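Given next are the chains, with one letter for each unit.
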Amino acid sequence: MRPLHIALAALVTAVWGVNFVVIELGLAHFPPLLFSALRFLVAALPAVFFVGRPKVAWKWVVGVGLALGMAKFGLLFIGMDRGMGAGLSSLVLQVQAVFTALFAALALGERPGRVRVLGMGVALAGIGVAAVDEGAGGPVLAFVLVIAAAACWGVSNVLTRKAAPPDALNFMVWVSTVPVLPLLGLSLLFEGPHRDTEALAALDWSGAGIIVYVAWITTVFGFGAWGFLLSRYPASSVAPFTLLVPVFGMSSAALLLDESVSPLRWCAAALLVGGVALTSLAGARRPRPATQARPPESQVAGVA
């Protein structure tokens, strides 16, 4: 990769890692489901009027929109709202690579090789260590919600592989249109219209800036740049950069939010990042030749 493109890949992963801190700040302004709905609303508008029609079937747009936008981000935002720290969330969410490999084996017939199975085991050991560390003094339910968010992300990755979108930015913008109304409905139902209207009435420049960051910087710029890199280099060259996301996430949370990182959590980080590296980069044995090129799960991994 050219040095300029290496710098771009590092910038995207830094944007995605810092995004967890921005989410935590945003949860002080908005209820979690409303916050998630606003994120996708602003990501979709006005971009949807400039990216052209969807380049894949609507069933894939809707499926990924519900799995990724509504389920994954809804659970993630609720988990962080209930006390899951930004740094730990950025780390634990990477277990999506294990869920992706498991779901790909079930739905796509991709049999994981020995190295990938080893990586899955190492990553799960890292989750176990993180769970022990969180269980010692953190909110266990919030931890479970983020794990569930990672599982939903794995579902959306498999659906994306089936869809094989030729344009990552076009796909993500249209996917962003899907969860807006479901998330708004769930917010009105569970968070209440009074809490939602209070949050919107109190919207200030900092709240607006947070929405712009998570929508335009993280989603539109992040996926646009990532799609640009994947269109010019093999996925095996681009994918390893996603392992920097929890590094930036944990570092920015420690610097900006004063989140402490215990020795046990460093151990969990080493196991999880190492396991995800093996799981993501090791090949899978396919039962038959693929008839259509599919983007790797790393195309949609790493962003929050």
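Below is a summary of the structure that appears in this document. (Residues numbered from 1 in each chain as written. Predicted model: local features only at pLDDT ≥ 70, side-chain atom pairs only at ≥ 80, totals over all residues. Heavy atoms only, no water.)

**Considerations on the side chain of serine 36**
Mapped onto the elements, serine 36 comes out in helix α2 (residues 32-44). If near-sequence neighbours (up to four positions away) are discounted, serine 36 is found in contact with Gly69, Phe73, Gly74, Phe77 and Leu183. (Helix = DSSP H or I, 4+ residues; strand = E, 2+ residues; numbered from the N terminus. Contact = heavy atoms within 4.5 Å.)

**A short note on the environment of histidine 29**
Structurally, histidine 29 is set in the loop between α1 (3-26) and α2. Residues histidine 29 and alanine 199 lie 170 residues apart in sequence; the distance between their C-alpha atoms is 6.4 Å. Among all residues touching histidine 29, those that are not within four sequence positions of it are Ala199, Asp204, Ser206, Gly207 and Ile210.

**Quick notes on helix α7 (residues 140-163)**
The end-to-end C-alpha distance of α7, which contains 24 residues, comes to 35 Å, matching closely the 34 Å that a straight helix rising 1.5 Å per residue would cover. Most of α7 sits inside the fold, with 17 of its 24 residues counted as buried. In the segment just after α7, alanine 164 is the residue with positive phi, at about 50°. (Expected span 1.5 Å × (residues − 1). Buried < 20%, exposed > 50% of the residue type's maximum accessible area, 1.4 Å probe, protein only.)

**Some points on the packing of helix α3 (residues 58-81) against helix α8 (residues 168-177)**
For any two helices packed against each other, one specifies the crossing angle of their axes together with the interaxial distance. Orientation of α3 relative to α8, taken along the N-to-C sense of each, is 65°, at an axis distance of 8 Å. Classified by the interaxial angle, the pair formed by α3 and α8 is roughly perpendicular. The handedness of the crossing between α3 and α8 comes out as right-handed. Mapping the contact onto sequence places Trp58, Trp60, Val61, Val64, Gly65 and Leu68 in α3 and Phe171, Met172, Trp174 and Val175 in α8. Residues belonging to the contact of α3 with α8 are distributed by class as follows: nine nonpolar, one polar and no charged. (Axes fitted to C-alpha atoms, helices over the stretch in contact; angles between N-to-C directions. Parallel < 35°, antiparallel > 145°, perpendicular 65-115°, else oblique. Left-handed = near helix turned anticlockwise from the far one by under 90°. Nonpolar A, V, L, I, M, F, W, Y, C, P; charged D, E, K, R; others polar.)

**Things to note about a nonpolar patch on the surface**
Taken together, the side chains of Leu11, Val212, Trp216, Ile217 and Phe221 make up a nonpolar region of the molecular surface, amounting to roughly 390 Å² of accessible area. The leading source of residues in the nonpolar patch is helix α11 (residues 205-230), at four residues. For valine 212, the location among the structural elements is in helix α11. (Patch = residues over 30% accessible without salt bridge, like charges linked within 9 Å, V, L, I, M, F, W, Y side chains within 5 Å. Areas by Shrake-Rupley, 256 points an atom, 1.4 Å probe, with all protein chains shown as cover. Salt bridge = Lys/Arg side-chain N within 4 Å of Asp/Glu carboxyl O.)

**Remarks on unusual backbone geometry**
The step from leucine 45 to proline 46 runs through a cis peptide bond, and the omega angle for that step is 5°. Within the secondary structure layout, proline 46 lies in the loop between α2 and α3. For aspartate 258, which is not a glycine, the phi torsion comes out positive at approximately 60°. Looking at where aspartate 258 falls in the secondary structure, it is placed in the loop between α13 (245-256) and α14 (263-281). Overall, the relative accessible area of 67% leaves aspartate 258 in the exposed class.

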